[in-house]
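Chains, contacts and geometry: an overview
Residue strings, one per chain:
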Amino acid sequence: MNAAPAAVRPPATPQTPGEALGLLAARRATGALCGPLGSLHLVDGQVAHADSPRAPGLAELLTGCGRITPGQWAELLRLDGPRARVGEALVERRLLTRGELELGHLGTLFDAAFFVLADRTGGVWRFESDARHWLGPVATVDPGRLRREVERRGRLLERIWPWPQLDTAPVRPVVPVPRPSHRPPGRRRRELLDHADGRRTPADLARLLGRSGFGVTADVRRLAAAGLLDAPRHAAPAAASAVAPSAATPATPVAPVTPVAPGAPGPAAPVAEAEAPAPARPPGGGLHRRVPGATLTGATPSGPVAPARSDRPPTTAAAHPPLAVPDPDIALLTRVRTLLEARL
């Protein structure tokens, strides 16, 4: 007598957008995974497009820098958006080269996908089968590579300052305490401070300045860690996102929403990283002299030891002004690290 076949357990319902993306990629699905913080468009299991209200899209970057006028963009959407070939039209009309289109597309895809996959708002997700994006086919990204990049950027934000409330709260600058060893932030971060009015969030500033949403978010955390921004005190509750319905029962396809071309803000400032605070010069001029053995384990520093950035509570600059770097070698390494972090 043959034994009865074992019951096949149905796959677990994905609880996060990252898990849902992995399930859809395994099934080589085509369509759009939509949630509270944006959407991911897939073609045969590969991520082809990403949109998020927390990150400027290709339209906002092109019109913001003056490469394309809002009127030209609106005409492209009207004629080629319904056929999902706006990207091809940009190349055919010589508004962009093919290389420029791919670079801009991949930059905005990684930028928006970070906020989409890092979503922990607890909202409901759905999959729209066979939904097409208005930009059309440009380039695709492997879901595994995309998730690794999202994790890398998340770790980078945690190293800068683990205070995620800064990512969505209005940016409020504070007046720093003058110190002879403290340099003001560089041009890029100074521009953020100049446009921070206590009402604009990092996403608002990214659209206003024509920059990536993640880049502005990272700069906001750096400025807050340096004591130049007020940090919100209350953390938002974190919860896992529920995905409904599952990929096995896709929702009724809907037409992609055609974005409205935004107004043309001023040109984006050059991407220039701010240098680390310079060490205070000794009374006689020249560089500080290194203290033998100061970096060895067990060495006693000459002054009070600053707590780790992750251990410091969010405070204003009046309470804890930015620390000076006492060693020129450390200052050089800090500048190198800051420049590497800028290559996102």
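The rules behind each value
Residues numbered from 1 in each chain as written. Predicted model: local features only at pLDDT ≥ 70, side-chain atom pairs only at ≥ 80, totals over all residues. Heavy atoms only, no water. Helix = DSSP H or I, 4+ residues; strand = E, 2+ residues; numbered from the N terminus. Buried < 20%, exposed > 50% of the residue type's maximum accessible area, 1.4 Å probe, protein only. Contact = heavy atoms within 4.5 Å. Areas by Shrake-Rupley, 256 points an atom, 1.4 Å probe, with all protein chains shown as cover. Expected span 1.5 Å × (residues − 1). Arc of directions from axis to C-beta. Polar contact = N/O pair within 3.5 Å; in protein donor to acceptor, adjacent residues only side chain to side chain. Phe/Tyr/Trp six-rings, centres within 6.5 Å; stacked < 30°, edge-to-face > 60°. Lys NZ or Arg CZ within 6 Å of the ring centre and 35° of its normal. Axes fitted to C-alpha atoms, helices over the stretch in contact; angles between N-to-C directions. Parallel < 35°, antiparallel > 145°, perpendicular 65-115°, else oblique. Nonpolar A, V, L, I, M, F, W, Y, C, P; charged D, E, K, R; others polar.

Let's shift gears to the overall build of the protein chain. When helices and strands are counted, the protein chain shows 10 helices and 7 strands. Every one of the 344 residues in the protein chain was classed for burial, and the buried ones make up 40%. Across the protein chain, contacts joining residues at least 24 apart in sequence account for 78% of those joining residues at least 6 apart. Total accessible area on the protein chain is roughly 18700 Å²; 58% of this is exposed by carbon and sulfur atoms.

The first and last C-alpha atoms of helix α6 (residues 143-160) sit 26 Å apart over 18 residues, in line with the 26 Å expected at 1.5 Å per residue. Those residues of α6 lying buried are Pro-143, Leu-146, Glu-149, Val-150, Arg-153, Leu-156, Leu-157 and Ile-160. Viewed along the axis of α6, the buried residues span an arc of 140 degrees, placing them on a single side of the element. Structural note: α6 exposes Arg-148 and Arg-159 on the side pointing more than 90 degrees away from its buried face. You can read the cap of α6 off the contacts: a side-chain oxygen lies 3.0 Å from the backbone nitrogen of Gly-144, and it is on Asp-142.

On the secondary structure map, Ala-84 appears in the loop between α3 (70-80) and α4 (86-92). Ala-84 has contacts with Arg-132, His-133, Trp-134, Leu-135, Gly-136 and Pro-137, leaving out every residue within four places of it along the chain.

A word on the packing of aromatic side chains. Tallied over the full model, the rule gives 4 aromatic pairs. Each ring, one from Trp-73 and one from Trp-134, has its centre 5.8 Å from the other, and the planes form 90 degrees; the classification is edge-to-face. Here the residue Trp-73 occupies a position in helix α3, and Trp-134 occupies one in the loop between β4 (124-129) and α6, the gap between them amounting to 61 residues. Plain terms: the ring middles of Phe-114 and Phe-214 are 5.1 Å apart, the flat faces sit at 70 degrees to each other, and that makes the pair edge-to-face. Highlighted residues: Phe-114 in helix α5 (residues 98-117) and Phe-214 in helix α9 (residues 213-225), separated in sequence by 100 residues. Accessibility assignment for this pair places Phe-114 and Phe-214 in one class, buried. One residue, Arg-153, lies across the ring of Phe-214, its end atom 5.0 Å from the ring centre.

Contact pair α5 / α6: the axes reach a minimum separation of 9 Å and the direction vectors enclose 75 degrees. Judged on the interaxial angle alone, α6 and α5 are roughly perpendicular. Only Arg-145, Leu-146, Arg-147, Glu-149, Val-150, Arg-153, Gly-154 and Leu-157 of α6 make contact with α5, whose side of the interface consists of Leu-109, Phe-110, Asp-111, Ala-113, Phe-114 and Leu-117. Of the residues contributing to the contact of α5 with α6, the split by class is 8 nonpolar, 1 polar and 5 charged.

You can see Ser-52 is positioned in the loop between β3 (46-51) and α2 (58-64). Look at Ser-52 and you get buried, because its relative accessible area is 8%. Within polar-contact distance, the side chain of Ser-52 engages the backbone nitrogen of Arg-54 at 3.1 Å. With sequence-adjacent residues up to four places away left out, Ser-52 is seen in contact with Leu-37, Gly-38, Ala-112, Phe-115, Val-116 and Arg-207.

The next thing to look at is the packing of α5 against α9. Two elements in contact, α5 and α9, have axes whose closest approach is 8 Å; the angle formed by their N-to-C orientations is 65 degrees. Taking contact as the criterion, the partners of Asp-111, Phe-114 and Phe-115 in α5 are, on α9, Gly-213, Phe-214 and Thr-217. Class assignment for the residues of the contact of α5 with α9 results in 3 nonpolar, 2 polar and 1 charged.

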